[in-house]
Amino acid sequence: MAQDIIDGINPTRMELLSLKNRTKLAIKGHGLLKEKRDALIKEFFDILDRVKGIRENAEQSLKEANDALLEAQIAMGDLAVRKAALSVKESIDVEITSRSVMGVAVPVTNVKMEERSIIDRGYGFSDTTIQLDEAAKKFEESLKYLIELGEVEKTIFLLAEEIEATKRRVNALEHIMIPRFQNTEKYIDMRLQEMERENFVRLKMIRSTIEKNEKAAAEAAAAENAE
């Protein structure tokens, strides 16, 4: 038991009472952490179910965009496509906020993107083709999926980290701290009982000694009176 108790503990009733309160708090904390872990795991798998669909949409959209870009390069030439791309104006505004999932701050993205015409994009239409317009449109659509995918994948990463950390705390309380508190309680209680027995024996011996002394004194007094 000595290896499973708190070091430097004093076997007193005050210490025992304090330790019992700490044990109650540890047990309560253990229950709350288990609830948090279970809620995080549920949220994790709920989001994980969404990821597959979002990733498939992003991959399909990027495939279509790359196919459209390849057609534009064939029709216009790679140099002309690059030149047009350098003229394109930014078309997306992303606002990133956060929400709390059991105390974990996860990202929330708000994408603002308006459908644009050739003129809005910034490149001229006299030296470009319809294939380039289609490629630009497809890549704009892909951006929305990629941003959403980034949001949910970052959320999954953060939740996974917190789940692992919470599991470690739960295990530490369950297998180390609470048993150590309980073993220390038993140790203190055992030592207090031993001290009570020792005190009882000591008091009994003192009383016996006093009684013997009183008896001896009485006998001596009686002997003196008899003389």
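It should be emphasised that the depicted structure is a prediction, and the values quoted were computed from it without experimental measurement.

Criteria and cut-off values
- Residue positions are given per chain, counting from 1 as you read along its sequence in written order.
- Residue-level local features of this predicted model are given only where pLDDT is at least 70; pairs of side-chain atoms are given and counted only at 80 or more, and the full residue set underlies all totals for whole chains, interfaces and linings.
- Calculation of side-chain values draws on the structure's entire complement of heavy atoms; hydrogens and water are dropped beforehand.
- Strands here mean DSSP runs of E at least two residues long; helices mean DSSP runs of H or I at least four residues long; both are numbered from the N terminus.
- Think of it in three bands: residues with accessible area under 20% of the maximum for their type are buried, residues over 50% are exposed, and the middle band is partly exposed, with areas taken using a 1.4 Å probe on protein chains only.
- Should any heavy atoms of two residues lie within 4.5 Å, those residues are considered in contact.
- Accessible surface area values rest on a Shrake-Rupley calculation with a 1.4 Å probe, where residue burial reflects the displayed protein chains alone.
- UniProt positions are given in the numbering used here, feature names are shortened, and annotations may be inferred rather than shown by experiment.
- A side-chain nitrogen of Lys or Arg and a carboxyl oxygen of Asp or Glu constitute a salt bridge if their distance falls within 4 Å.
- Working definition: a ring pair exists when centres of Phe, Tyr or Trp rings (six-membered ring for Trp) sit within 6.5 Å. Plane angles under 30 degrees give stacked, over 60 give edge-to-face, the rest tilted.
- Only four residue types enter the charge count: Lys and Arg as positive, Asp and Glu as negative, with His and the chain ends excluded.
- Excluding any residue in a salt bridge, patches collect residues exceeding 30% relative accessible area, merging like charges within 9 Å and nonpolar Val, Leu, Ile, Met, Phe, Trp and Tyr side chains within 5 Å.
- Here a polar contact is recorded for every N or O atom pair within 3.5 Å, except that within protein the pair must consist of a potential hydrogen donor and a potential acceptor, and residues adjacent in sequence are included only if both atoms are side-chain atoms.
- The predictor reports its confidence for every residue as pLDDT, a score running from 0 up to 100.
- Expected helix span is given by 1.5 Å per residue-to-residue step, counting one fewer step than there are residues.

Asker: Can you walk me through the overall build of the protein chain in this structure?
Answerer: Of regular secondary structure, the protein chain possesses four helices and two strands. Listed N to C, the secondary structure of the protein chain is α-α-β-β-α-α in terms of helices and strands. Counting every position in the protein chain, which comprises 227 residues, the buried fraction comes to 27%. Long-range contacts, defined as pairs at least 24 residues apart, comprise 79% of the intrachain contacts of the protein chain with a sequence gap of at least 6. Total accessible area computed for the protein chain in this model is approximately 15,600 Å², and 55% of it derives from carbon and sulfur atoms.

Asker: How do you make sense of the UniProt feature "coiled-coil region" (unreviewed entry) in the protein chain when you look at a structure like this?
Answerer: UniProt feature "coiled-coil region" (unreviewed entry): in the numbering of this structure it lies at residues 48-75. Along residues 48-75 one finds 100% helix and 0% strand; the C-alpha atoms at either end are 41 Å apart.

Asker: Please clarify how the pattern of salt bridges should be interpreted in this entry.
Answerer: Side chains that carry opposite charge are capable of pairing whenever their charged atoms lie near each other. Applying the stated criterion to the full structure yields 11 salt bridges. Between Lys138 and Glu64 there is a salt bridge, with its nearest N and O atoms 3.1 Å apart. Separated by 74 residues along the polypeptide, Lys138 in helix H4 (residues 130-226) and Glu64 in helix H1 (residues 13-76) bring together distant segments of the chain. By relative accessible area, Lys138 is classed as buried at 18%. With relative accessibility at 31%, the residue Glu64 sits in the partly exposed group. Each of Lys36, Glu162 and Arg169 takes part in a single network of salt bridges with overlapping partners.

Asker: I'm lost on the packing of aromatic side chains in this one. Help?
Answerer: Each aromatic ring pair is described using two quantities: the centre-to-centre distance and the angle formed by the ring planes. Considering all chains together, one arrives at one aromatic pair under this definition. Taking 5.4 Å as the distance between ring centres and 90 degrees as the angle between the ring planes, the aromatic pair formed by Phe44 and Phe45 counts as edge-to-face. The exposure class of Phe44 is buried, given its relative accessible area of 16%. Judged by relative accessible area, Phe45 falls into the partly exposed class, the value being 45%.

Asker: Is there a simple way to explain unusual backbone geometry in this structure?
Answerer: Both trends apply: most residues other than glycine have a negative phi, and most peptide bonds are in trans. Notably, Met102 is not glycine yet its phi reads approximately 55 degrees, a positive angle. Owing to a relative accessible area of 40%, Met102 belongs among the partly exposed residues under this scheme.

Asker: Would you take a moment to explain the side chain of Glu151 for this structure?
Answerer: Within the fold, Glu151 resides in helix H4. As a buried residue without a salt bridge, Glu151 has its nearest oppositely charged side chain in Arg50, at a separation of 4.9 Å. Those residues within four positions of Glu151 in sequence are excluded, and the remaining contacts are Pro107, Val108 and Thr109.

Asker: Even after reading the chapter, I still don't get a nonpolar patch on the surface, so can you show me in this structure?
Answerer: A cluster of nonpolar residues, Phe200, Val201 and Met205, forms a patch on the protein surface that exposes about 330 Å² of accessible area. Its location among the elements puts Met205 in helix H4.

Asker: Even after reading the chapter, I still don't get the environment of Thr209, so can you show me in this structure?
Answerer: Inspection of the secondary structure puts Thr209 in helix H4. Judged by relative accessible area, which is 42%, Thr209 ranks as partly exposed. A distance of 2.8 Å separates a polar side-chain atom of Thr209 from the backbone oxygen of Met205.

Asker: Just to check I follow, could you spell out the confidence of the model for the protein chain for this structure?
Answerer: It should be kept in mind that the predicted coordinates are not to be read in detail where pLDDT is low. Here the protein chain shows a mean pLDDT of 84. Residues at 70 or above account for 88%. The weakest mean pLDDT in the protein chain belongs to helix H3 (residues 118-121) at 58; the strongest belongs to H1 at 90.

Asker: Help me out: how do you make sense of H1 in this one?
Answerer: A turn of α-helix holds 3.6 residues, and therefore any two residues three or four places apart point the same way. Here H1 contains 64 residues, and its C-alpha end-to-end distance of 89 Å stays within 8% of the 94 Å for a straight helix at 1.5 Å per residue. Looking one or two residues past H1, Gly77 carries a phi angle of roughly 100 degrees, positive in sign.

Asker: Where do I start with the environment of Ala75 in this structure?
Answerer: Within the secondary structure layout, Ala75 lies in helix H1. As a C-alpha pair, Ala75 and Leu132 span 57 residues in sequence and 8.8 Å in three-dimensional space.

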